[in-house]
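# Summary of structural features
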Amino acid sequence: PQTIESINHSKSADVPIVVALNKIDKQNATEENIQRILGQLAEHELNPVDWGGPTEVIRTSAIENTGIQDLLEILDYQAELLELKADFGGNAEGTVIEAHVAEGRGPVASILVQQGCLKKGDFIVAGRSFGRIRALVNERGEQVDEATPSTPLSILGLSEVPDAGDKFYIVKSLKEAEAASKERIQLERQADLSREKVTLDNIFDQMKSADVRELPVIVKGDVQGSIETLRSSIQKIGNDEATISIKHSGVGGVNESDVNLADACGGIIVGFNVTSTAKARRIAEQKGVEIRYYDVIYNLIDDLTNALEGLLDPEIKL
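Residues numbered from 1 in each chain as written. Predicted model: local features only at pLDDT ≥ 70, side-chain atom pairs only at ≥ 80, totals over all residues. Heavy atoms only, no water.

Before going further, it helps to spend a moment on unusual backbone geometry. Unusually for a residue other than glycine, Glu45 sits at a positive phi of about 65°. Within the secondary structure, Glu45 sits in the loop between α2 (31-43) and β2 (56-59). By relative accessible area, Glu45 is classed as exposed at 66%. With phi around 60°, Asn65 is a residue other than glycine that occupies positive phi space. By the element assignment, Asn65 lies in the loop between β2 and α3 (68-81). (Helix = DSSP H or I, 4+ residues; strand = E, 2+ residues; numbered from the N terminus. Buried < 20%, exposed > 50% of the residue type's maximum accessible area, 1.4 Å probe, protein only.)

Structural data, given as structure tokens:
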């Protein structure tokens, strides 16, 4: 399912697709199974070059370093065909790939430089976050002083965790960075105010509604990208009779505030690739709040779907 989701996202973005068929060192990576996978790709309009189609499918093994050079050469070739170019001078611009809070380091964003040259000490704006870059860390965990286009990095020094997909850019001063951040926050606040809010004051009235029943959920995840994916997937669950309402979501482990909110709204807490504090577990046990932990998103979605079905009225057939 995750591969199909990736294919659909790539098609929606109208970008070229290169498939890395990984783990070919595994015992079950037989030619028969590989051909079966090629057939599944073809079913989703990714007809492999092996079958006379346009889609490059590179057989790789990350562990044994098999096919990695072939993959890089294909990507380079595709970039040449599309005439993809970048400006290596001037202020840097790029995209936030992922972000999380690291203990002892604060907000950490994984980024991809797409234009210009990014330098340690630059004043950066990334979505609603801003700051002065304290450190640039490359994919090998080494600190570097600057980075040019197509370079993936982790950066430290942001005021808060940005969202995956946020664009970042460099400005002249910290004051200018803060002003740009405040402008983004104001725009988000205005968008929030235009949407109907569910509060602790009206939640119980909504839950008692005979027309639509609601399962309140608090969602916690390891990184911002996980949270966004979970929110998107969870909001698709439900029908006219029963829905899931996400009362709160955030990056980090389950804490006592999450438990208190779940207790107030009669909801459950789901954690993806996170744990909970000892105090949170103790309060949850006292208040009878259920906390569930997952490391596979589809298991989480299946459990919430089954829980929601429990809110539906039984269908009586005569």
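That shown, we press on.
Looking only at helix α8 (residues 278-287), the buried set comprises Ala280, Ile283 and Ala284. Projected down its long axis, α8 carries its buried residues within an arc of 105°, all on one side. Exposed residues lying more than 90 degrees from the buried face of α8 are Glu285 and Gln286. Looking at the buried positions of α8, the neighbouring elements they touch are α7 (256-265) and β15 (291-294). (Arc of directions from axis to C-beta. Contact = heavy atoms within 4.5 Å.)

A cluster of acidic side chains, namely Asp70, Glu73, Asp76 and Glu80, defines a negative patch on the protein surface. Among the secondary structure elements, Glu73 is positioned in helix α3. Given the relative accessible area of 46%, Glu73 is considered partly exposed. (Patch = residues over 30% accessible without salt bridge, like charges linked within 9 Å, V, L, I, M, F, W, Y side chains within 5 Å. Areas by Shrake-Rupley, 256 points an atom, 1.4 Å probe, with all protein chains shown as cover. Salt bridge = Lys/Arg side-chain N within 4 Å of Asp/Glu carboxyl O. Lys, Arg positive; Asp, Glu negative; His and termini not counted. Charge placed at Lys NZ, Arg CZ, Asp CG, Glu CD.)

Spatially, β13-β12-β14-β15 is the arrangement adopted by the 4 strands of the open sheet, whose pairing is parallel. The open sheet has two edge strands, β13 (242-251) and β15, and neither has a second partner. Across this sheet, the average inter-strand angle for adjacent strands is 25°, counted without regard to direction. Note that strand β12 (residues 213-221) and β13 share 9 bridges and pair parallel. If you follow Leu215 over to β13, its bridge partner there is Ile244. Each of β12, β13, β14 (268-272) and β15 is contacted by α7, which is oriented at about 175° to β12, the strand it contacts most. (Pairing = 2+ DSSP bridges. Axes fitted to C-alpha atoms, helices over the stretch in contact; angles between N-to-C directions.)

Purely spatial values, then, with no claim about function.
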